[in-house]
Amino acid sequence: MTDALGSTKAVLFDLDGTLYRLAPMRRRMLLELLRWGAVHPLAFPGLMGRLREFRTAREGLRDFARDDQSLDEVQYEVPASRLGISPDELRGLVQEWMFERPLPFLARAAWPGLREILVGLRSTGRPLGVFSDYDPDRKLEALGVRDLFDVTLAATDAEVNRFKPHPLGFIVGAERLGVDPCDVLYVGDRAEVDGAGATAAGMASVIITGRVGEDPRSRRIDGLAGLSGLFFAP
Ligand SMILES: [Mg+2]
């Protein structure tokens with residue numbers, strides 16, 4: 001057995017769409033929203049509009065790179081002022097619908113063999129980390145794999161304070177893993193944020209199912225199981 005990625009000393013993962021599949025989770029959460037809407041028909045359009053505004057504002061904050069403001073607060077303040085509600089009210093809705101309610105459905109949306117794949121990677125002696133735009137810890141617990149990661153990091157952590165594709169979170173992740181960024185492989189599902197950020201930080205990347213950018217150190221796999229093929233090539 002050869003190791004096709006022999007220079008990789010650690011592996012850093014994106015979470016959403018990378019450790020679990022987005023399509024079944026989106027279907028499941030749409031069902032939850034519609035069920036809620038059937039009971040609260042008057043409030044339903046408002047809820048959908050607020051969640052949509054939050055997502056749009058976050059995408060618009062991808063080039064945010066300031067140290068004098070907290071990204072964790074700005075991500076609520078910007079859409080809340082557009083919506084004419086308080087940042088705390090929006091934070092409560094997002095907390096409920098994007099963090100709490102999806103948790104029970106995560107394990108079923110996990111890529112098949114998730115735990116075995118991660119255990120296999122660890123068995124090669126490489127530490128594993130997660131760097132996500134969202135706080136990863138509770139999702140990793142819900143997926144039953146929190147114990148397999150040496151490092152977990154969110155874009156809104158004070159030390160990063162920048163969304164992907166800014167390279168800072170990738171660099172902090174490498175530091176915490178105790179290796180040079182150029183020796184880290186980043187695994188994500190979006191070339192424009194995961195692949196671009198990894199490249200800017202000097203990391204090689206693997207993009208699951210998505211298109212791959214121009215970077216010659218970036219490659220594509222069709223599912224998380226494809227990762228084992230890179231480390232344990234026949
Ligand atoms: Mg993702």
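Here, every reference points to the structure presented above.
Residues numbered from 1 in each chain as written. Predicted model: local features only at pLDDT ≥ 70, side-chain atom pairs only at ≥ 80, totals over all residues. Heavy atoms only, no water.

Undergrad: Describe the pattern of salt bridges, listing the residues and the values that go with them.
TA: Scanning the model with the defined rule gives 22 salt bridges in all. A salt bridge links arginine 138 to glutamate 100; the nearest nitrogen and oxygen atoms lie 2.8 Å apart. With arginine 138 in helix α7 (residues 137-143) and glutamate 100 in helix α4 (residues 87-100), the pair connects residues that are 38 residues apart, well separated along the chain. A relative accessible area of 45% places arginine 138 in the partly exposed class. Classification of glutamate 100 as partly exposed rests on a relative accessible area of 33%. With a closest N to O distance of 2.8 Å, aspartate 147 and arginine 115 form a salt bridge. Placement of aspartate 147 in the loop between α7 and β3 (151-154) and of arginine 115 in helix α6 (residues 114-122) is noted, with a sequence separation of 32 residues between them. (Salt bridge = Lys/Arg side-chain N within 4 Å of Asp/Glu carboxyl O. Helix = DSSP H or I, 4+ residues; strand = E, 2+ residues; numbered from the N terminus. Buried < 20%, exposed > 50% of the residue type's maximum accessible area, 1.4 Å probe, protein only.)

Undergrad: Talk me through the coordination of the magnesium ion; I want residue IDs and the actual numbers.
TA: The protein atoms donating to the magnesium ion are Asp14 (OD), Asp16 (O) and Asp189 (OD), with metal-donor distances spanning 2.1 to 2.2 Å. Of note, the donors binding the magnesium ion are all from one chain and are spaced D-x1-D-x172-D. Taken together, the residues aspartate 14 in the loop between β1 (10-13) and α1 (22-39) and aspartate 189 in the loop between β4 (184-188) and α9 (191-201) connect sequence positions 175 residues apart. Classification of aspartate 14 by relative accessible area gives buried; the value is 5%. (Donors = N, O, S within 2.8 Å, 3.2 Å for Na, K, Ca; no water.)

Purely geometric numbers; function is a separate question.
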